[in-house]
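Structural overview
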Amino acid sequence: MDQLVVTGGARLSGSVAVLGAKNAVLKHLVATLLAPGTHRIDNVPSILDVSLMCDVINHIGATCRFNGSTVEVDVPDELVPEAPIDLVRRMRASIIVLGALLARRGVARVALPGGDDFGSRPIDMHLDGLEAMGASFELVHGVLVGSAPNGLRGADVHLEFPSVGATENLLLAGVMARGSTTIGNAAREPEIQDLAEFLSRMGAQVRGAGTSTIEIDGVSSLEPAHHRAVPDRLEAGTYLVAAAMTGGEVTVTDCVPEHLRMELRKLGDAGSEYEVGKDWVTLRGPDRPRPVDFATLPYPGFHTDMHPQMVALLSLANGTSVITENIYAARFRYVGELNRLGADVQLEGQHVIIRGVSVLSGCPVDACDIRAGAALVLAGLRADGYTTVTEAQHIDRGYSDFAGKLRSLGAEIVRETV
Ligand code: EPU
């Protein structure tokens with residue numbers, strides 16, 4: 001068990017580069033399963049979730065080789081079409097192999113992911129869409145067994161909600177289905193557009209990724225490809241909030257500012273000043289943030305994965321802010337931890353009411369998930385004394401060398417193994 005010990009007080013300054021997006025690379029790794037041969041993905045972050053997804057696709061038969069921020073994946077002709085419970089439990093996103101395995105093998109056995117810290121997180125939209133494409137599912141001893149003995153066929157699917165995972169599963173299934181598939185009310189996240197670009201490099205015929213309607217013409221086979229993952233807007237956004245939090249000035253490079261438009265707008269409303277270039281953002285934080293209200297929404301709305309970091313910032317505002325969480329039913333475990341640091345945050349259903357305080361005071365807190373962990377470290381940067389963030393492995397799932405990068409910006413933060 002590792003923990004991060006943060007000593008508050010430093011104003012961050014300098015520049016920090018971000019790597020590829022976790023939530024894109026995880027899906028690229030799965031997409032490789034669609035074509036035998038050697039694929040290469042560049043700009044891959046060195047994070048726990050990437051290793052976990054490699055374990056999943058290794059189990060299926062692939063071999064991942066890392067060289068710095070590049071991963072090469074060898075995919076054999078024959079795949080073992082299953083993701084067992086020990087892997088799915090470690091990473092819920094494993095469910096994304098369903099569409100690719102059904103497309104390649106006509107069968108998939110994937111342990112059913114349970115609920116998690118964000119609530120029940122059903123996968124009904126994934127299954128409804130794949131059923132419309134000719135798959136059928138049964139639950140056998142906790143394992144979802146999908147089969148499409150006659151192969152998948154194209155279909156018109158209209159999602160009830162623009163789910164990122166359902167859109168990706170259907171995209172991965174549709175590229176090799178017989179005929180055309182349309183995904184209506186599709187998620188528009190940049191990571192989906194990036195997955196479609198990778199699939200197109202493999203020879204897939206996809207139009208409209210990044211809009212609400214994705215059209216796919218199925219092809220009978222795909223080729224291995226090289227691809228550079230889109231920069232991680234959440235890693236970038238987290239360092240920008242760190243700058244805002246400490247009243248510092250930080251330049252985040254190798255990012256796509258356009259992908260952070262809503263988050264930057266809200267950081268501006270909260271008193272930060274920023275400049276953007278083609279692939280960088282420089283942000284200067286205020287001495288004390290102003291309160292702001294916003295709601296999390298699917299892209300291009302404010303990202304739910306930036307919600308805890310933003311609450312940490314607003315806990316120090318000179319007034320009351322209200323944030324409404326619309327994506328997850330229960331993304332609030334971090335609230336109690338933040339309050340232990342002296343914040344005044346209350347929950348009213350899906351609304352987070354943040355009454356700004358003038359000081360936080362360091363104490364031990366628990367990183368309950370990736371973004372909560374990051375938010376608590378950011379709060380520690382502004383708290384008096386030491387803040388010890390335990391269960392740092394949650395942060396490792398999504399941030400590569402989080403402590404080292406913050407240290408390079410002047411933060412006082414050390415990692416300890418307990
Ligand atoms: N939902 C359903 N039924 C479904 C699918 C989703 O009810 O069939 C609900 C979920 O329970 C949730 C909401 O719809 O309440 C949104 O879920 P979505 O499918 O969009 O999210 P996801 O694919 O499970 C990805 C990211 C999350 C990110 C969300 C939202 C990956 C591996 N995960 O999850 O990232 O929060 O999209 O943008 O891509 C993180 O990186 O820290 C993280 C949690």
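Numbers given to residues run from 1 along each chain, matching the order in which its sequence is written. In view of the model being predicted, local features appear only for residues whose pLDDT reaches at least 70, and side-chain atom pairs are presented and counted only at 80 or more, with totals across whole chains, interfaces and linings using the full set of residues. To obtain the side-chain values, all non-hydrogen atoms of the structure were used and water was disregarded.

So, the sheet that holds strand S14 (residues 226-228)
When DSSP finds two or more bridges between a pair of strands, those strands are recorded as paired. Secondary structure is summarised from DSSP: a helix means a run of H or I of at least four residues, a strand means a run of E of at least two, and numbering begins at the N terminus for each. Read from one edge of the open sheet, four strands run S4-S5-S3-S14, paired in mixed fashion. Because the sheet does not close on itself, it has two edges, and the strands there are strand S4 (63-67) and S14. Strand after strand, the sheet turns through a mean of 20 degrees between neighbouring axes, direction not considered. Direction of pairing for strand S3 (residues 37-42) relative to strand S5 (residues 70-75): antiparallel, over a ladder of five bridges. Counted as the bridge partner of Thr 38 is Asp 74 from S5. To obtain each axis, a line is fitted to C-alpha atoms, and for helices this fit is confined to the stretch in contact; angles are then taken between N-to-C directions over 0 to 180 degrees.

Focus: the pattern of salt bridges
A side-chain nitrogen of Lys or Arg and a carboxyl oxygen of Asp or Glu constitute a salt bridge if their distance falls within 4 Å. Per the counting criterion, the structure on display carries 20 salt bridges. Across the pair Asp 2 and Arg 415 runs a salt bridge, and its minimum N-O distance is 2.8 Å. Here Asp 2, found in strand S1 (residues 2-7), pairs with Arg 415, found in strand S26 (residues 412-417); they are 413 residues apart in sequence, far enough to count as distant. A relative accessible area of 38% places Arg 415 in the partly exposed class. Residues Asp 74 and Arg 65 are paired through a salt bridge, measuring 2.5 Å at the closest nitrogen-oxygen approach. Burial classification: accessible surface area is computed with a 1.4 Å probe over protein chains only, and a residue below 20% of its type maximum counts as buried, one above 50% as exposed, and the rest as partly exposed. Judged by relative accessible area, Asp 74 falls into the partly exposed class, the value being 23%. Its relative accessible area of 38% is what places Arg 65 among the partly exposed residues. Residues joined in a network through salt bridges with shared partners are Asp 2, Asp 396 and Arg 415.

Structural notes on the sheet that holds strand S23 (residues 364-366)
Read from one edge of the open sheet, four strands run S23-S25-S1-S26, paired in mixed fashion. Unpaired on one side and paired on the other, S23 and S26 mark the two borders of the sheet. When strand polarity is set aside, the average angle formed by the axes of neighbouring strands in this sheet is 25 degrees.

So, unusual backbone geometry
Here the residue pair Tyr 299 and Pro 300 is connected by a cis peptide bond, since its omega of 10 degrees sits within 30 degrees of zero. Counting through the fold element by element, Pro 300 comes out in the loop between strand S18 (294-295) and helix H10 (307-314). A positive phi angle, close to 60 degrees, is found at Asp 254, a residue other than glycine. In this fold, Asp 254 is placed in the loop between strand S15 (249-253) and helix H9 (261-269).

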